[in-house]
Amino acid sequence: MAKKQKHTTQQRKQLRERENQKIKDLETRIEEYNPKLSKAALFQDFPISEHTLKGLREAAFIKLTEIQRESIPLSLKGHDVLGAAKTGSGKTLAFLIPVIEKLYREKWTDMDGLGALIISPTRELAMQIYEVLSKIGKHTTFSAGLVIGGKDATFEKERISRINILIGTPGRILQHMDQAVGFNTSNLQLLVLDEADRCLDMGFKRTIDAIVNNLPASRQTLLFSATQSQSLDDLARLSLTDYKQVGTMEALNSKDSIATPETLQQSYIQVSLPDKLDVLYSFIKSHLKSKLIVFLSSSKQVHFVYETFRKLQPGLSLMHLHGRQKQTARTETLDKFSRAQHVCLFSTDVVARGIDFPSVDWVIQLDCPEDVDTYIHRVGRSARFGKEGKSLILLTPEEEEGFLRRLKNKNIEPSRLNIKQSKKKSIKPQLQSLLFKDPELKYLGQKAFISYVRSIYIQKDKEVFHFDKIPLEEFANSLGLPGAPKIKMKGMKSIEKAKELKNTSRQLLSLAKANDEGDVIKEEKAEVRTRYDKMFERKNQTVLSEHYLNITKTQAQEDEDDDFIMVKRQDHELIETELPELLIPTSKRAQKKALSRKATLAASGNPTKLKFDEDGVGRPVYELEDEEEFHQKGDSEKQKEEFLSKETHLMEQVDVEDKQVAKEKKQEKKRKRLEAMRREMEADMDDSEYEDEPVAYLGTGNLSDDIQSEDEHSNDERQPRKRSKYADSSDEDEEEQQLSNGNGKIIEVEEPQTLEDLESLTANLIGGL
Ligand code: ADP
Ligand code: MG
């Protein structure tokens, strides 16, 4: 806040009047501003306040970029704006300036509460926006706050009521709306969604809708992104009807322009899945004087590649980042990577969007992205703001044709590179020996294997991704694993069975054995040994470390609850996945359920169902008619036939309807399940999933004072836990802990429904089936 000086009443009045006059002038200039006639080139050509101009100047923002020149005047005029412009083209300022200016012209004070809400899909991006706001808003009097997930912090409840500009991730913002008493949104002037298409994605849909429901409809809304997939429905959800579309939106979709920066040199290389790590390693070895980002499709792969490559010491400093790390680690890595000159960062899509790393030389996509939009955002981490940059994507022979076609549809045509045979070097033997020596690494390898296979399975674009063509065995070997973890489809039934089995009492089991033909339970003992039993039996004779058993235990649990595929170690039978079949009603719950269903039927079945007649008298549905009345109606046989045909017809109708409903329910269930899996994968990116404790970075009233280090706010009271040496300061542990407590989310994969499904699934699944 600008320093308060002591003024006389008279002086104060004069100051106020002068300020009012300035605001009036600005308003007139805004109104008169005609974007078509005015050729603004600099920020100072715009009708914006001195405070903002000063902040911009001090941060060396002088000249306008195209999106800024086109969108800022419209936003200043109060229009809703849907802005699209390439990555690195300056969209952040395009929405921040109108936010600050609006509140300035409205003479916003602490007393007015929340004036603007800025939503970002990731914590990292929210922090970055906050930093830019702090820079350019240095001379304003507003307070700003950052609310993102992932940290324990004392929440200053009464402070949030005085925050004017709030920046945050969707889940955390909603949480505050629900919990903070003083969080009043009724005055809100502006809503901004950065990376708008991502914010409006399925993953965030419910959260964003709930947030928007809390906001006044009269607000102004600004949406920005480098890609836009917004349907009109999405825009209607935000009550965006009379909006202005700006930026290169049309150009983005036109035939002769591309959605990626001109200064970006894009290439691709065809590599079979098992050779990917060799190529990556060679690439790193030959780019030791570069800054690289490598995108992989899951945090488990990031973790594995990071840990193994570190051991191989390529001669370039390595970092890794994914959504399951603790927030402090994420922030630290981000910061270090930003400042480093020669470094390689392995990452998931958590930083694919929006993050403004300075001077990244290469963006490598080790795994094919789910769609072209993700491709555009990933490569957009390089070649920002007119700078040079390069990108390389590794495509398997199966993905190559399909994905290149998808890219070509958006005018993106990367050039093909070939691997020099002379430079080809395999790191497979090294990986194998690393994993052989270190069971923990091997475990990470198995997780990486599974998560990759799974990521392909849940891809929506089946023309690009072919789950059934993954060379499982070679892929496993390429990770250094002695063999492919056996993969088994876990249909609904088998999960149910596993659960039932778990609930079955020993007594019942022995009963079952006694009563049944004998081939039902093949176990020799009366009790069934679960894989845990076996595991613990092994424990006594095993040469493995205590710790390894701990992590495999977690995995066993996780596989059961979480994965549609299971690990069945080939080298040793540590985890037994086969469960004996049972033909009797197994669990107590199942028995109870069967019983109660009968009871319910008896209680509410037809015999006692009443229908009310005109006099309000309840009568059973099939009440017997008076005999005389019946005979008066004519021949009894005929009546019987009529009655039967009427009822049959009715039943048929009901049957058809029932079947339809059942079918829809089934489809809906399948859709939901796949969606849940996708979300699980997206958890690498999606912050809302992992937000537990509230955290708030609250403004002091002067933006320049507000950037504080994470740790100053941290109030980490968690007990230190025993960790794996590769524990990665990761939230993952908590997740696994949760799973082992039995509280974990259960992710199931639908049993194949059609013959086609079945064929494509079974054809290439190795063993296990
Ligand atoms: P986008 O959101 O479009 O991907 P950003 O807003 O992150 O792009 O801006 C990309 C880079 O360009 C940032 O480093 C930012 O500081 C810089 N930048 C943006 N606008 C200007 C400007 N008018 N003058 C100088 N640098 C700018
Ligand atoms: Mg941006």
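Everything quoted here is computed from the prediction, not taken from an experiment.

Enquirer: When you look at the overall build of the chain in this model, what are you seeing that I'm missing?
Expert: The number of helices and strands found in the chain is 29 helices and 17 strands. Going through the 769 residues of the chain one by one, you find that 51% of them count as buried. Taking the intrachain contacts of the chain between residues at least 6 apart in sequence as the baseline, contacts between residues at least 24 apart amount to 79%. Carbon and sulfur atoms provide 49% of the accessible area of the chain, an area that totals close to 38400 Å².

Enquirer: Is there a simple way to explain the packing of helix H4 (residues 91-105) against helix H5 (residues 123-136) in this structure?
Expert: Relative placement of two packed helices is described by the angle separating their axes and the distance separating the axes. Interhelical geometry of H4 versus H5 gives an angle of 55 degrees and a closest axis separation of 11 Å. Considering their axes alone, H4 and H5 lie oblique with respect to each other. Note on packing geometry: the crossing formed by H4 with H5 is right-handed. When H4 is examined against H5, the residues Thr-92, Leu-93, Phe-95, Leu-96, Ile-97 and Ile-100 are found in contact with a partner set consisting of Ile-129, Val-132, Leu-133 and Ile-136. Its residues assigned to classes, the contact of H4 with H5 shows 9 nonpolar, 1 polar and no charged.

Enquirer: Looking at this structure, how should I read the site of ligand 1?
Expert: Taken together, 16 residues form the shell around ligand 1, and within it Lys-63, Gly-88, Lys-91, Thr-92 and Asp-356 come nearest. Between a nitrogen atom of ligand 1 and a main-chain N or O atom of Lys-63, the distance comes to 2.6 Å. One of the side-chain nitrogen or oxygen atoms of Arg-384 is found 2.9 Å away from an oxygen atom of ligand 1. Look at ligand 1: alone it shows 560 Å² of surface, and the protein chains cover 84% of it. The greatest single-element share of the shell around ligand 1, amounting to 3 residues, is contributed by H4. Grouping the constituent residues of the shell around ligand 1 by class yields 4 nonpolar, 7 polar and 5 charged.

Enquirer: I would appreciate a short explanation of helix H16 (residues 397-409) in the present structure.
Expert: Because an α-helix packs 3.6 residues into every turn, residues spaced three or four apart end up facing the same way. End to end, H16 covers 19 Å across 13 residues, agreeing with the expected 18 Å (1.5 Å per residue, within 8%). Buried positions along H16 lie against strand S8 (264-270), helix H15 (372-379), strand S13 (389-395), strand S14 (415-417) and helix H18 (439-457). Following H16 by one or two positions, Asn-411 has its phi on the positive side, about 65 degrees.

Enquirer: Explanation requested: the side chain of Gln-365 in the structure shown.
Expert: One can find Gln-365 in strand S12 (residues 362-365). Among the polar contacts made by the side chain of Gln-365, one reaches the side chain of Arg-378 at a distance of 2.9 Å. The residues contacting Gln-365, other than those within four sequence positions of it, are Phe-295, Tyr-375, Arg-378, Val-379, Leu-392, Ile-393 and Leu-394.

Enquirer: Please clarify how the confidence of the model for the chain should be interpreted in this entry.
Expert: If pLDDT is low for a region, its predicted coordinates should not be looked at in detail. When pLDDT is averaged along the chain, the result is 76; 67% of the residues meet or exceed 70. Across residues 704-721, confidence stays below pLDDT 50; counting only partners more than four residues off in sequence or on other chains, it has 39 contacts.

Enquirer: Quick question: what am I supposed to make of the pattern of salt bridges here?
Expert: For side chains of opposite charge, pairing can occur when their charged atoms come near one another. Per the counting criterion, the structure on display carries 26 salt bridges. For the salt bridge of Asp-275 with Lys-428, the shortest nitrogen-to-oxygen distance reads 2.9 Å. Here Lys-428 lies in helix H17 (residues 428-437) and Asp-275 lies in the loop between S8 and helix H12 (276-285), a separation of 153 residues in the sequence. One network of salt bridges, in which partners are shared, links Glu-401, Arg-405, Arg-406, Asp-461 and Glu-463.

Here is what the cut-offs are and how they apply
- Residues numbered from 1 in each chain as written.
- Chains lettered and ligands numbered in written order.
- Predicted model: local features only at pLDDT ≥ 70, side-chain atom pairs only at ≥ 80, totals over all residues.
- Heavy atoms only, no water.
- Helix = DSSP H or I, 4+ residues; strand = E, 2+ residues; numbered from the N terminus.
- Buried < 20%, exposed > 50% of the residue type's maximum accessible area, 1.4 Å probe, protein only.
- Contact = heavy atoms within 4.5 Å.
- Areas by Shrake-Rupley, 256 points an atom, 1.4 Å probe, with all protein chains shown as cover.
- Axes fitted to C-alpha atoms, helices over the stretch in contact; angles between N-to-C directions.
- Parallel < 35°, antiparallel > 145°, perpendicular 65-115°, else oblique.
- Left-handed = near helix turned anticlockwise from the far one by under 90°.
- Nonpolar A, V, L, I, M, F, W, Y, C, P; charged D, E, K, R; others polar.
- Near = heavy atom within 4 Å.
- Polar contact = N/O pair within 3.5 Å; in protein donor to acceptor, adjacent residues only side chain to side chain.
- Expected span 1.5 Å × (residues − 1).
- pLDDT = per-residue confidence, 0-100.
- Salt bridge = Lys/Arg side-chain N within 4 Å of Asp/Glu carboxyl O.

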